[in-house]
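This is what each chain is made of:
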Amino acid sequence: IILIGVTLAILFFLPPPVFCLVLGVVALGAAWEWTNLMELKKFSSRLLYLVMMALIFFNALFIPITLILSVAFIWWLSATVLIIFYPRYSHWWGKSAFWRGMMGIVVLLPCWTALNYIRNQNDGIDAILFLFVLIWGADSAAYFVGRKWGKTKLVPLVSPGKSVQGVLGAVIFAIAITILALLVGQISLQGWLWAILLSIVTVLFSIVGDLFESMLKRRVNLKDSGNLLPGHGGLLDRIDSLTTAAPVFAFGALVLGMYL
């Protein structure tokens, strides 16, 4: 509850430059935890990765958003394949801290970039609020539906708790909350199909983000990503779904905006 309050305060009350800076600090905190997934033990090595990420984040401000979001979308399609076939193909990245470090870049950077891009649009605050409600609600729906009716495991070798029924619950919630938002926003019917489709795709990829972090933790025998948020399994565990959902949502909205 406290985290939700802080998140909403950051969203509603901070101007875009400060919002960008605060999100950057959060992203760097996640990058610090990512060094655990890389199995970096030395403080100097972890600090070096953090400094490198900060420099990459700064330079990303001068890269076209379409390029970053396109690369992110291709990456998450590839990550989906890695998850489906795990532990096959894990030998090339599982033993290399370098490749896991590169993964950290393509996971965290597009998320930070996408959230800032969305925030800077005319209706950016509303869009991010919708994204948060969509992801938080779908995650909760998947959990409760999975607990009640989950029988068919989704990818048991990655996350034994995830079920196909839970995913269906998340999708149904996504459709329902999107229709509600469209009604409240008085959006014309011609945009409904695309909006609902974008929400479904975003939720499905949010599950991929959750599974991807679980896959990395399983590979390195790690229970929690870190301790920056005690009792929550780490900061990464709180934002793993958002790392995928934000760039996919922004990319989809960008593509649909150009198409429509």
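All figures in this text were calculated on a predicted structure; none of them were measured in a lab.

What counts and what doesn't
Numbering of residues starts from 1 in every chain and runs along the sequence as written. Totals for whole chains, interfaces and linings use all residues, but because this is a predicted model, local features are given only for residues with pLDDT of at least 70 and pairs of side-chain atoms are given and counted only at 80 or more. Remark: hydrogens and water are excluded; side-chain values derive from all non-hydrogen atoms of the structure. Numbering of helices and strands runs from the N terminus, with a helix taken as a DSSP run of H or I at least four residues long and a strand as a DSSP run of E at least two residues long. For every residue, the accessible area (1.4 Å probe, protein chains only) is compared with the maximum for its type, and the residue is labelled buried under 20%, exposed over 50%, or partly exposed between those bounds. Counting rule for charge: Lys and Arg are taken as positive, Asp and Glu as negative, and neither His nor the chain ends is counted. Salt bridges are defined by distance alone: a side-chain nitrogen of Lys or Arg within 4 Å of a carboxyl oxygen of Asp or Glu. Only heavy atoms matter for contacts: two residues are in contact if any of them lie within 4.5 Å across the pair. In protein, a polar contact means a hydrogen-donor-capable atom and an acceptor-capable atom, both N or O and within 3.5 Å, with residues adjacent in sequence counting only if both atoms are side-chain atoms; elsewhere, any N or O pair within 3.5 Å suffices. What pLDDT expresses is the predictor's confidence in each residue, scored from 0 to 100. Only a pair of cysteine sulfur atoms within 2.5 Å qualifies as a disulfide here. To pair, rings of Phe, Tyr and Trp, with the six-membered ring standing in for Trp, must have centres within 6.5 Å; the planes then decide the type, stacked if under 30 degrees apart, edge-to-face if over 60, and tilted in the middle.

## Some points on the side chain of Glu213
So, point 1. Note on placement: Glu213 falls in helix α9 (residues 192-219).
So, point 2. For Glu213, which is buried and forms no salt bridge, the nearest opposite charge comes from Lys217, at a distance of 4.2 Å.
So, point 3. Once residues lying within four places of it in the same chain are set aside, the contact partners of Glu213 are Leu37, Ser225, Leu236, Asp237 and Asp240.

## Observations regarding the side chain of Ser206
So, point 1. For Ser206, the location among the structural elements is in helix α9.
So, point 2. On the basis of relative accessible area, Ser206 is assigned to the buried category, the value being 5%.
So, point 3. Of note is the side chain of Ser206, whose polar atom sits 2.5 Å from the backbone oxygen of Val203.

## A short note on the confidence of the model for the protein
Interpretation of the predicted coordinates at a detailed level should be avoided for regions scoring low in pLDDT.
So, point 1. Looking at the protein as a whole, the pLDDT averages 91, with 97% of positions reaching at least 70.
So, point 2. Here helix α5 (residues 91-94) is the element of the protein with the lowest mean pLDDT, 78, and helix α3 (residues 43-60) is the one with the highest, 96.

## Details of the state of the cysteines
Put plainly, a disulfide is one covalent bond tying together the sulfur atoms of two cysteines.
So, point 1. One pass over the full model with this rule turns up zero disulfides.
So, point 2. Of the cysteine sulfurs around Cys20, a residue in no disulfide, the closest is that of Cys111, at 12 Å.
So, point 3. By relative accessible area, Cys20 is classed as buried at 19%.
So, point 4. Take Cys111: its relative accessible area is 7%, and that puts it in the buried class.

## A few points about the packing of aromatic side chains
What characterises a pair of aromatic rings is the spacing of the ring centres plus the angle enclosed by the ring planes.
So, point 1. Summed over the entire model, instances satisfying the criterion amount to 13 aromatic pairs.
So, point 2. With centroids separated by 6.0 Å and ring planes inclined at 70°, the aromatic side chains of Phe85 and Tyr89 adopt a geometry described as edge-to-face.
So, point 3. Phe85 gets classed as partly exposed once you look at its relative accessible area, which sits at 36%.
So, point 4. Under the relative-accessibility criterion, Tyr89 is labelled partly exposed at 36%.
So, point 5. Their ring planes at 75° and their centres at 5.2 Å tell us that Phe98 and Trp99 sit as a pair that is edge-to-face.
So, point 6. For Phe98, a relative accessible area of 53% corresponds to the exposed category.
So, point 7. Taking relative accessible area as the criterion, Trp99 reaches 40% and is therefore assigned partly exposed.
So, point 8. One aromatic cluster in this structure is built from Phe73, Phe205 and Phe251.

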